[in-house]
Amino acid sequence: MTEGRPPAAGSAPLWERDAEIATVAQALDALCADQASAGSLLVLRGDAGLGKTALLTETRRIAERRGCVVWSARGAETLRSVPFHVVRQLLQPALLSLMPEEAREYLGDWYDIAGPALGIADPQEGSADPQYVCDGLVAAVRRLARREWPLVLLLDDAHWADQETLRWLAAFAERLDDVSVLLVVARRPGDVSGESARLLDTVAAAGRPVTTLSALTPDATAGLTRATLGRHADDAFCREVWAVTGGNPYDTVELLAKVQDSELQPTEAQAGELRALNRAARGGGLVDRLKGLGLEATRFAWAAAILGTGITVDMVARLATMNDDLARSCAELLCTARILTEPDPASGTEHEAGELEFVHPLIATAVYNSIPPGVCTAMHGVAAQIITELGRGAAEAARHLLKVHPDDDEELVEQLREAAREHLAVGAPDAARRCLERALQEPPRPEVHAHVLYELGCATLLTNPAVTIDHLQSALGMPGLDGHDRVDAVVRLSQALLHNDQLEEAVRTVEAEAARHTAGPVRMRLQAFQFMWEGIHGETVAPARSRRLAELASSCTGRDNAERALLILRGFDAMTHGESADEVLELCDRALVNGRLAPGLGWTDPEWGMELLMMLGSAYAYADRLDRAESLFAEARRVYTGAGWRGGHLSLANAFLGLAYRRQGRLRDAESTLREGLLLAERVGRRLPLYWSSTCGLVDTLLARGRVDEAWSVAEQYGFAPPYPSTIVLPDIRSVRGRLLLAVGRTEEGINELEAAEKTAASRGGHNPVLAPWSIDLAKALAGQDPARAAQLAADARQQAERFGTDTAIGEALRCAAALETGQRAVQLAARAVTYLEASPCQYEHAAARVEYGIAARSIAELSRGLDLARACGAEGLVAQAREVLETGRGLR
């Protein structure tokens, strides 16, 4: 037995738990041995009553005896809709014990992000990114763990934790390697589904093998029975106790208490009474026992179950509409009957003076389920009113409002809308969604209905584009949504369609709305979005569309943001089709104000969205103005990080900054930035357009570095293969995939991929040979089997490069031409390529041209210069190629 035989029935759940407590002790030994040790996670799983809470209490006792700091929290079945409820229990007491200045110092930049979710800081305006809030909570615990080492975190009834807490728990559990903390999580099997189940599975996978608790054996049940009732309890009676309870420790303790209350003798002759006594301990029997305590006590218990947490005599008296003396009398009666109890001081959880809790969650559930439906609904309504009168805010009242029956209540609709805004402000869009969905059931007044749908669509935009589409389409189909809200809803709908890979419908949506408006800023804004979505279509863009855009932009001077948007779109379109780079740059520069983004056109400004600015930066990147591209994308990453946007926005900012680094030849920086973008993209969801940007950029960068096997591994791991998204991907997805296939020796597949890129370019009415270098790669691949076609492709690429006019484009075309030639002609072309690429900002291409020229000209000096450039870029493949030729040395001069 553990630390001696449990001396009393209260220790019953620790019978036959030697192995489990030994595991806890081992984990505590590791924690206390070294502050630099990795953290660890224990998951205890077992049905109700098997002693999970008792094991956590024992863990606390052992940990505190060893000098550990212990924080604990517990999920509750009726509080699962309250966002961050459990993580607040866990962290809030420690943070509130600090002075505000201390808390801000410890949390640093995360204070404004995690503070509102933890209830220690006021939220900022607008909606907080839930992923960034989750990251902030992880960072908060990591920083506090360093301050409080050795720290033990106990989380009971995790199956009833709110989803926001579970999201944090899963993220924290996966990052325990570099933070010295012991995390112990107790949960039931089942009792959860959907996203919560997935998150709990993630938690379980991050720790040691899950410890599954078993019921007591007949021998342990007999020992517990005799420890409670006396050694004279005979064998037959003890066997019947085990048979009736199934060895469940909680049921056994409760049954034995009933035996003591009834003064039943523990003999075989009396064993037949045990089943009746057991029925009175839980479920319907418990309800009957509660009714036997009287109407007032029953009403008190119902009110306590409605509250769920913060159960005080004062609060229950208000909710149950009884005076204080009667309420205190009922509380004493329920405590005597082992239905309610005072919180255990050993639990470590902060409680108000006089606070009560249910003896066991099973009792709380049984009492709550016994409340007549009409009474339950009414009491939730009263509870919401009390919370509102106490000034605790709409969000806290919302869990009760969600339970109230729909009754055409205008005030309730407004309360739920306010609660949704509060939830969004702290990064809980799922909670906001529940409030707004409930508001729709009321239902709202006709003039408000569309606005609630619109708000619901906005609430789900970060988490579920498909749901957003349904809500916004419904809102736009109803009267009441007019003016700016209607236009904003159309734009948001088109963005949701885009991110749900429904690009053609996104185009039709803004096109139809634009037709409803006369000429002016609103119509121009909608037309700009139409051209934007058409411009990022990955397969076909009609040449007529480019002509219309050119005509519309020709009269724009950049006097307002609608005109600036059209200038950016025209510049991007001209860049993708390989028109004059000088014209591209002139259009993009006109869209700026003194070289900077205009007010209202920033990265977080909601009116235009990030896609427009990504197009601006891309136009600069492929027109050889990489300084401007890097500046724009670095600003995007800085702004999104500062604003707490850790989802798709920051992922794309990293992907495009990685693109700028790759174009500059800063391959190491490109790789690390793209990997960060890909990690963020995985959180949002695979196969979405933003996911392809990071994956494609990373594969392209690894190929440039010469790490072909790793590039192939990334492609396999992240599904970098057809079918492709309908949106354009930068760098060009088919060109990169084709080059990858050629690099791994799958030549025929590579050629097929590059020829598919050729067809796409033809359907779009032309291409930029730097943006989509399929023609150059295809020419090199066909040089041996079809030299005539290869020569024609190289000539076409050179013509297109000269039309575009950048040093990079012309230099790359000359590199291709040199690769197809031999002798002095190859040397001359390679030398010309070096001349152009030396003036280009693309240092990797310059390094490659130097190495190729050095090999063609057999020049030690040129090879050495190319080797130095390749090293600076991090192009390991080029370095190896140049070193091999230099070390061989034959024929060099």
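To start, this report covers the structure provided alongside it.

**Concerning the overall build of the protein**
For the protein, the count of helices and strands is 44 helices and eight strands. Taken along the three principal axes of its C-alpha coordinates, the protein extends 110 × 70 × 50 Å. Taking all 893 residues of the protein together, 56% fall into the buried category. When the accessible surface of the protein is split by element, carbon and sulfur atoms take 49% of a total near 35700 Å².

**A word on the packing of helix α24 (residues 483-499) against helix α26 (residues 521-535)**
Orientation of α24 relative to α26, taken along the N-to-C sense of each, is 5°, at an axis distance of 11 Å. By the angle between their directions, the pair α24 and α26 is classed as roughly parallel. For the pair formed by α24 and α26, the contact residues are Val487, Asp488, Val490, Val491, Ser494, Gln495 and Leu498 on the first element and Val522, Arg525, Leu526, Phe529 and Trp533 on the second. Tallied by class, the residues present in the contact of α24 with α26 amount to eight nonpolar, two polar and two charged.

**Some details on the sheet that holds strand β7 (residues 340-341)**
Strand order in this open sheet of three strands is β6-β8-β7, and the pairing throughout is antiparallel. Two strands lie at the open edges of the sheet, namely β6 (311-312) and β7, each paired on one side alone.

**A few points about a negative patch on the surface**
A cluster of like negative charges, contributed by Asp407, Asp408, Asp409 and Glu411, occupies part of the molecular surface. As for its placement among the helices and strands, Asp407 is situated in the loop between α19 (394-401) and α20 (410-425).

**Observations regarding the side chain of Arg525**
Its place among the elements puts Arg525 in helix α26. For Arg525, a relative accessible area of 4% translates into the label buried. Apart from the residues within four sequence positions on either side, Arg525 is in contact with Val487, Asp488, Val491, Ala562, Pro606, Glu607 and Trp608.

Scoring rules and cut-offs
Residues numbered from 1 in each chain as written. Predicted model: local features only at pLDDT ≥ 70, side-chain atom pairs only at ≥ 80, totals over all residues. Heavy atoms only, no water. Helix = DSSP H or I, 4+ residues; strand = E, 2+ residues; numbered from the N terminus. Buried < 20%, exposed > 50% of the residue type's maximum accessible area, 1.4 Å probe, protein only. Areas by Shrake-Rupley, 256 points an atom, 1.4 Å probe, with all protein chains shown as cover. Axes fitted to C-alpha atoms, helices over the stretch in contact; angles between N-to-C directions. Parallel < 35°, antiparallel > 145°, perpendicular 65-115°, else oblique. Contact = heavy atoms within 4.5 Å. Nonpolar A, V, L, I, M, F, W, Y, C, P; charged D, E, K, R; others polar. Pairing = 2+ DSSP bridges. Patch = residues over 30% accessible without salt bridge, like charges linked within 9 Å, V, L, I, M, F, W, Y side chains within 5 Å. Salt bridge = Lys/Arg side-chain N within 4 Å of Asp/Glu carboxyl O. Lys, Arg positive; Asp, Glu negative; His and termini not counted. Charge placed at Lys NZ, Arg CZ, Asp CG, Glu CD.

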